[in-house]
Amino acid sequence: QFSVFLKIPLFLLFVGFSSPIFSQYKISKIIEDNKIQIPKPYKYDGFLMNEFSFDQINKNIPIEFVAFKKQKYKLIFCSSTFEESVKICIYDKANPKVKVAEKIIDSTNTTWTYEPVTDATYTIVYEIPPSNTEVDHKACMVMMIGFKTK
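Residues numbered from 1 in each chain as written. Predicted model: local features only at pLDDT ≥ 70, side-chain atom pairs only at ≥ 80, totals over all residues. Heavy atoms only, no water.

A look at the sheet that holds strand β8 (residues 137–149)
Then step 1. With respect to topology, four strands assemble into an open sheet ordered β1-β8-β3-β6, the strand pairing being antiparallel. Strands with a single pairing partner mark the edges of an open sheet, and in this sheet they are β1 (43–54) and β6 (111–114). The sheet shows a mean angle of 15° between the axes of neighbouring strands, direction not considered.
Then step 2. Its contacts with the sheet place helix α2 (residues 27–34) against β1, β3 (71–79), β6 and β8, and it is angled at close to 40° to β8. (Pairing = 2+ DSSP bridges. Helix = DSSP H or I, 4+ residues; strand = E, 2+ residues; numbered from the N terminus. Axes fitted to C-alpha atoms, helices over the stretch in contact; angles between N-to-C directions. Contact = heavy atoms within 4.5 Å.)

Examining α2
Then step 1. Every buried residue belonging to α2 is among Ile27, Ile30, Ile31 and Asn34, and all of these are buried. On an axial view of α2, the arc spanned by its buried residues comes to 95°, and they lie on one face. Turned more than 90 degrees away from the buried face of α2 sit Ser28 and Glu32, all of them exposed. (Buried < 20%, exposed > 50% of the residue type's maximum accessible area, 1.4 Å probe, protein only. Arc of directions from axis to C-beta.)

Here we look at the sheet that holds strand β4 (residues 86–92)
Then step 1. Sheet architecture is open: four strands sit in the order β2-β7-β4-β5, paired in antiparallel fashion. Two strands bound the open sheet, and with one partner strand each, they are β2 (59–67) and β5 (95–105). Between one strand axis and the next, the sheet turns by 25° as a mean value, whatever way the strands run.
Then step 2. The pairing of β4 with strand β7 (residues 120–128) spans six bridges and is classified as antiparallel. Among the inter-strand pairings, Asp92 is bridged to a residue of β7, identified as Tyr122.

In structure tokens, the structure reads:
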């Protein structure tokens, strides 16, 4: 039988080594928590996840989204929890100098719904700043896609 004095250090050791597990984000939870933002008559069509690190340098992560004719879309941008401010910029790929939309995602604004106005290919850029802390850490952005026929 373990004494109380032996149980406490073992418990603290377990909590100390397992705490990174609890701080990790769960993609499935982010998706499930935000699916309600795709209401009927829209249909959930999938997601695109981008994982990145907040470290000591600025980064831009570009992705593309194609909005087809005769479809109406809802793009829901969802983030894992982080303190930094990530800027999402959306450009029309045919005219890359024109910014179509932008939004800041941070600890208080963790989601954004964007509805493309026209059918086009869009370039979406996540502007990742350096870490706010002394510690490098991972995070992610999930773009959920909903669509309906016009």
